[in-house]
Amino acid sequence: MTNRRDDEMIRALLECERIVAGGGGLDDCLSRYPSFAVDIREHFSLVSELQALELPGPAPERESAGRSALLTAVAASAQRRSRGASGLKPAAVVAGALVALTLAFGAAAAAGVPGIQSAVESVLDELLA
Amino acid sequence: MDMFASLDAAGRSKNKAMTDEREQVKRAKQRDAAIWGAWYDTYYANLFRYAYARIGSREDAEDLASQVFVEALKGIDGFNYKGRPVLAWLYGIALNLVAQRYRADSRTRTAPLAPTEEPNASGADAVIDRVDIEKALVALTPDQQDVIILRFFLSMSVRETATILGKTENAVPVLQVRALAALRRQLAEPESALRELKRRGGND
């Protein structure tokens, strides 16, 4: 396909999109751009196929494990901010957060969620920063 | 549905929604677990679907979607809310994580997507078609992939898509039409045609 024809086809398809979005029929578009009839039909056929596609959703247990890891990280981050504000650096705070993180990780592993490792590593980075 | 307003009650004005998001960001900066939990509950599934469509592995997409929130937490103190929806910010993080992944592993998505998902009898055609389309998607530019994923897989409006991709609302339809044309060309490649013939032969 030449660049010029390509550009003309894109313009025709854009105009057809406007026609259809405005309540017009595909036939209106085809009659206006008969030289691009094949492209127009294929375009709208593909649009229909894409609109009908459904992607799978996440596994609930992994979604839940990710949520737990996030909230653990939020709590650890809050503790670090609080510690920073008071000028204190109690090792017990980090130790406590690490225990909580370990428990969360254990729960994730028990739920068969090995892929949560990257999130846990990020939380550890946050804790140890 | 306007997902940018999904944390707000239906019917609220845009200004009210922005005020609410500004307040949410303020509370998120204070490490308010309720806000982070609500953001996660509201946005995780869509971020997962975006990641899945881009990287093709369900487990990796689940990890990446979770990682978005961890990165958001790391960056929340530097996030200056100016009316751009939080979801757009989160998608920006997801786009960066996907790009990092592509850079780190050039082999990403060279294999067929979701090859281990066995179609059931009633949904065989749908699964094969999805895999064909997702494979063809890989050959498109990142912007073209993003516009198709956001507009069709996530049903986002032109305005939402423009906000997330940092483009004007006029630019999105042009990008979309070009992306669809490129996708049609990919689907017309011989490999896709052969697969289609095999599929039809197997169904006869």
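Residues numbered from 1 in each chain as written. Chains lettered and ligands numbered in written order. Predicted model: local features only at pLDDT ≥ 70, side-chain atom pairs only at ≥ 80, totals over all residues.

Engineer: Which residues make up the overall build of chain B, and what are the values?
Structural biologist: Per the secondary structure count, chain B includes nine helices and zero strands. Reading chain B from its N terminus to its C terminus gives the helix and strand order α-α-α-α-α-α-α-α-α. Counting across all 204 residues of chain B, residues that qualify as buried make up 38%. Pairs at least 24 residues apart make up 61% of the contacts formed inside chain B by residues separated by at least 6 positions. (Helix = DSSP H or I, 4+ residues; strand = E, 2+ residues; numbered from the N terminus. Buried ≥ 20, exposed ≤ 12 C-beta atoms within 10 Å, placed from the backbone. Contact = placed C-beta atoms within 7 Å.)

Engineer: Residues and numbers for the overall build of chain A, please.
Structural biologist: When you go through chain A residue by residue, the secondary structure sums to six helices and zero strands. Its helices and strands taken in sequence order, chain A reads α-α-α-α-α-α from the N to the C terminus. Of all 129 residues assigned to chain A, the portion counted as buried reaches 26%. Across chain A, every contact between residues at least 6 apart in sequence was considered, and the portion connecting residues at least 24 apart equals 65%.

Engineer: With reference to specific residues and values, describe the environment of Phe79 of chain B.
Structural biologist: Residue and element names in this part refer to chain B. Among the secondary structure elements, Phe79 is positioned in the loop between helix H3 (58-75) and helix H4 (86-104). Measuring from C-alpha to C-alpha, the distance between Phe79 and Val25 comes to 8.3 Å, with 54 residues separating the pair along the chain. For Phe79, the residues in contact, after removing those within four places along its chain, are Val25 and Trp89.

Engineer: Give a detailed account of the nonpolar core, specifying residues and quantitative values.
Structural biologist: Residues and elements named next belong to chain B. Leu47, Ala51, Val68, Leu90 and Ala94 are the most contacted members of the largest nonpolar core, which has 63 residues in total. The biggest single contributor to this core is helix H2 (residues 33-55), with 13 residues. Setting aside anything within four residues of it in sequence, one finds Val68 in contact with Leu47, Leu90, Ile93, Ala94 and Leu97. (Core = buried A, V, L, I, M, F, W, Y, C linked by C-beta atoms within 7 Å.)

Engineer: Pulling in residues and values, what's your account of the domain arrangement of chain B?
Structural biologist: Residues and elements named next belong to chain B. Looking at chain B, the domain boundaries give domain 1 (1-110) and domain 2 (120-204). Listed per partner, the contact involves 13 residues of domain 1 and nine residues of domain 2. Of all the secondary-structure elements, those providing two or more residues to the side of domain 1 that touches domain 2 are H2 and H4. With five residues, the single largest contributor to the side of domain 1 that touches domain 2 is H2. (Domains from an automatic or database assignment.)

Engineer: Describe in detail the interface of chain A and chain B, supporting the description with residues and values.
Structural biologist: When the parts of a complex come together, some accessible area is lost, and that lost area is often used as the size of the interface. The partner chain B presents 36 residues to the 38 residues of chain A that form the contact. Secondary structure elements with two or more residues in the side of chain A that touches chain B: helix H1 (3-21), helix H3 (37-52), helix H4 (60-86) and helix H6 (117-128) of chain A. It is H4 of chain A that provides the largest number of residues to the side of chain A that touches chain B, a total of 13 residues. Across the side of chain A that touches chain B, the residue classes tally to 22 nonpolar, eight polar and eight charged. (Nonpolar A, V, L, I, M, F, W, Y, C, P; charged D, E, K, R; others polar.)

Engineer: Before we move on, can you summarise helix H7 (residues 158-165) of chain B with the specific residues and values?
Structural biologist: Residue and element names in this part refer to chain B. The element H7 is extensively covered by neighbouring structure, given that six of its eight residues are classed as buried. Every buried residue of H7 is accounted for by Glu160, Thr161, Ala162, Thr163, Ile164 and Leu165. Against H4, helix H6 (142-153) and helix H8 (171-187) lie the buried residues of H7. Directly after H7, the chain includes Gly166, whose backbone phi takes a positive value near 70°.

Engineer: Give me the lowdown on H4 of chain B, citing residues and values where you can.
Structural biologist: Residue and element names in this part refer to chain B. For H4, spanning 19 residues, the distance from its first C-alpha to its last is 27 Å, which sits close to the expected 27 Å at 1.5 Å a residue. All of the buried residues along H4 are Val86, Leu87, Leu90, Tyr91, Ala94, Leu97 and Val98. Take H4 and look down its axis: the buried residues cluster within an arc of 135°, on one side only. Opposite the packed face of H4, turned more than 90 degrees from it, sit the exposed residues Asn96, Ala99, Gln100 and Arg103. (Expected span 1.5 Å × (residues − 1). Arc of directions from axis to C-beta.)

Engineer: Go over the environment of Arg185 of chain B with me, naming the residues and quoting the values.
Structural biologist: Residue and element names in this part refer to chain B. By secondary structure assignment, the location of Arg185 is in helix H8. Assessed through the 13 C-beta atoms surrounding it within 10 Å, Arg185 is described here as partly exposed. Separated by 151 residues in the primary sequence, Arg185 and Ala34 have C-alpha atoms spaced 47 Å apart.

Engineer: Can you lay out the confidence of the model for chain B for me, pointing to particular residues and giving the numbers?
Structural biologist: Residue and element names in this part refer to chain B. Mean pLDDT for chain B: 80, with 72% of residues reaching 70 or above. By mean pLDDT, helix H9 (residues 190-203) is the weakest element of chain B at 52, and H3 is the strongest at 96. Contacts of residues 200-204 to residues separated by more than four positions or lying in other chains number zero contacts, the stretch itself having pLDDT below 50. Scoring of the predicted complex yields 0.71 for pTM and 0.72 for ipTM. (pLDDT = per-residue confidence, 0-100.)

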